[in-house]
Amino acid sequence: MHAWPASEVPALPGKGRDLRIHDTATGGRVTLAPGPVARIYVCGITPYDATHMGHAATYNAFDLVQRVWLDTKRQVHYVQNVTDVDDPLLERAIRDGIDWVGLAERETALFREDMTALRMLPPQHYIGAVEAIPGIVPLVERLRDAGAAYELEGDIYFSVDADPHFGQVSNYTNELMRHLSAERGGDPERPGKKNPLDPMLWMAAREGEPSWDGASLGAGRPGWHIECVAIALDHLGMGFDVQGGGSDLIFPHHEMGASHAQALTGEFPMAKAYVHAGMVGLDGEKMSKSRGNLVFVSKLRRDGVDPAAIRLALLSHRYRDDWEWTDRVLQDALERLGRWRAAVSRPDGPSADALVEELREALSDDLDTPTALAAVDRWAALQTAEGGADDSAPGLVSRAVDALLGVAL
Ligand code: 5CA
Ligand code: ZN
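Residues numbered from 1 in each chain as written. Chains lettered and ligands numbered in written order. Predicted model: local features only at pLDDT ≥ 70, side-chain atom pairs only at ≥ 80, totals over all residues. Heavy atoms only, no water.

Colleague: Looking at this structure, I do not really get the overall build of the protein. What am I missing?
Modeller: The helix and strand inventory of the protein stands at 13 helices and 14 strands. Against the globule reference of 22 Å for 409 residues, the protein gives a C-alpha radius of gyration of 22 Å, in line with a compact fold. Taking the principal axes of the C-alpha coordinates as reference, the protein spans close to 75 × 45 × 35 Å. Burial statistics for the protein: of 409 residues in total, 58% are counted as buried. For the protein, the proportion of contacts with a sequence separation of at least 24, taken over those separated by at least 6, is 79%. Accessible surface, the protein as shown: approximately 16,200 Å² in total, 50% of it carbon and sulfur. (Helix = DSSP H or I, 4+ residues; strand = E, 2+ residues; numbered from the N terminus. Rg over C-alpha atoms; globule rule 2.2 N^0.38 Å. Buried < 20%, exposed > 50% of the residue type's maximum accessible area, 1.4 Å probe, protein only. Contact = heavy atoms within 4.5 Å. Areas by Shrake-Rupley, 256 points an atom, 1.4 Å probe, with all protein chains shown as cover.)

Colleague: Would you explain the pattern of salt bridges in this entry?
Modeller: For the structure shown, the criterion picks out 34 salt bridges. In this structure, Arg95 engages Asp96 in a salt bridge whose closest nitrogen and oxygen atoms are separated by 2.8 Å. The partner of Arg378 in a salt bridge is Glu358, with the nearest N and O atoms 3.5 Å apart. Taken together, the residues Arg378 in helix α12 (residues 369–386) and Glu358 in helix α11 (residues 353–364) connect sequence positions 20 residues apart. Residue class for Glu358 comes out partly exposed when judged on its relative accessible area of 35%. (Salt bridge = Lys/Arg side-chain N within 4 Å of Asp/Glu carboxyl O.)

Colleague: What's the story with the side chain of Arg74 in this structure? I'm lost.
Modeller: In this structure, Arg74 sits in the loop between α1 (53–71) and β4 (75–82). A residue is classified by how much of its surface remains accessible, and Arg74, at 13% relative accessible area, is buried. Of the polar contacts made by the side chain of Arg74, one reaches the backbone oxygen of Gly35; its length is 3.2 Å. A polar side-chain atom of Arg74 sits 2.9 Å from a polar atom in the side chain of Thr72. The residues contacting Arg74, other than those within four sequence positions of it, are Asp18, Ala33, Pro34, Gly35, Pro36 and Trp69. (Polar contact = N/O pair within 3.5 Å; in protein donor to acceptor, adjacent residues only side chain to side chain.)

Colleague: Could you clarify how one ought to interpret the sheet that holds strand β12 (residues 280–282) in this entry?
Modeller: Strand order in this open sheet of 3 strands is β13-β12-β14, and the pairing throughout is mixed. Looking at strand neighbours, the two that pair on one side only are β13 (285–286) and β14 (323–324), the edges of this open sheet. As judged from the 2 bridges shared by β12 and β14, these two strands associate in the parallel manner. Bridge assignment links Val280 to a residue of β14, and that residue is Trp323. (Pairing = 2+ DSSP bridges.)

Colleague: Help me out: how do you make sense of the coordination of the zinc ion (ligand 2) in this one?
Modeller: For a metal with four donors in a tetrahedral arrangement, the ideal angle between donors is 109.5 degrees, while six donors in an octahedron ideally sit at 90 or 180 degrees. Coordination of the zinc ion (ligand 2) by the protein comes from Cys43 (SG), Cys228 (SG) and His253 (NE2), over a distance range of 2.1 to 2.2 Å. Taken together, the 4 donor atoms coordinating the zinc ion (ligand 2) span angles of 102 to 120° at the metal, a pattern that classifies the geometry as tetrahedral. (Donors = N, O, S within 2.8 Å, 3.2 Å for Na, K, Ca; no water. Tetrahedral: all angles 85-135°; square planar, octahedral: opposite > 155°, others 65-115°.)

Colleague: What am I meant to see in the pairing of strand β3 (residues 37–42) here?
Modeller: Looking down a regular strand, the side chains alternate between one sheet face and the other. Two strands pair when backbone bridges link them, and β3 and β4 are joined in this way by 6 bridges, in the parallel orientation. When the sheet's bridge partners are listed, Val42 is paired in β4 with Gln80. As for the winding sense of the linkage, the β-α-β connection from β3 through α1 to β4 is right-handed. Sheet topology note: the β3/strand β10 (residues 240–246) ladder contains 3 bridges and is parallel. For Tyr41, the partnering residue across the bridge sits in β10 and is Gln243. (Right-handed = clockwise from strand over helix to strand, strands pointing away.)

What follows is the structure, given as structure tokens:
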């Protein structure tokens, strides 16, 4: 699949800083020191509805990770998937009486537009589940042949007991895993499974549903977790730097994905850090396509809201926190954008060298965006109150805010 166009990332004077980031697996901060090419996999959308603020907040977090790396003069190898065949997509297509392929194409196109408007850096490899199927089938065959997967009435399940490290991404109790498995696409109650938590790798063709040739597996379609593993291993290999997504992906998705990859390769861990963004809510509930309590990026754009303000609204929260979208959040962001734009529109101002360092420090500190925004606020306030004689300062502020925060002033 094609991704979306990249906005340019200006180079900044001085030296970027290594990222210290919270890793779900170890429960603490890790300092990431990738080689010259940093490798990141971020789980993509299931395209049955438009991009809401929760998605945008999660992609914003991983966009910042990349901006910190780019500031250290590293290259970034970024891979993202599109879950363009899965139960929720098929169910929505049936509900709306439309073709599932058309639905996925339409919503993926809208997602690209939203990401472009928000200046999110595009992945180098943007891969759909359907196009990944030829790579998925041999992985499932390998797992089965190694005894890490088994058949149940034509479906193929992964055996979580095949990975000695299973459980080490989420560190959740068995009880919680069972509960979340039932809630998030698993089938812990199905009789005949070796372990109730075992997830499906390959679902045998069902009447009225799309299916593909699975060689020795028979006709069917891939499970959710193996989709991301196949794409990540194909394009990044084991031991990549960051596996990213929202906190609702910790279990089962990222736990199972890591176990699939570890059972396939015998290597551990799949990723050096498992990084998870908090959930954005509306009216006290997690914003979700299935609940329908959504604020869409595309709707705000259609209403004429500047995407830079949407981005500032996302940045005003710590990425790991759960937070609520309200009109006030957007209003504050619009006001801030106005103040910042007025401040950089002057021909000179107070020196911004210290500000660049403050931004770097804040972001390297587990993406502390509220502190980063406060630093720009202070420079803008000083500019408004006192001005200054540095004629390179407004340009430097614009470039730093663009390069490190993805906001075009
Ligand atoms: N296609 C799978 C991942 S392989 C999927 O979870 N798709 S999704 O469309 O449901 O979500 C896309 C990303 O947005 C995921 O990282 C998910 O964790 C994140 N996300 C979904 N809802 C929210 C929310 N309310 N707040 C923050 N992030 C969210
Ligand atoms: Zn995924």
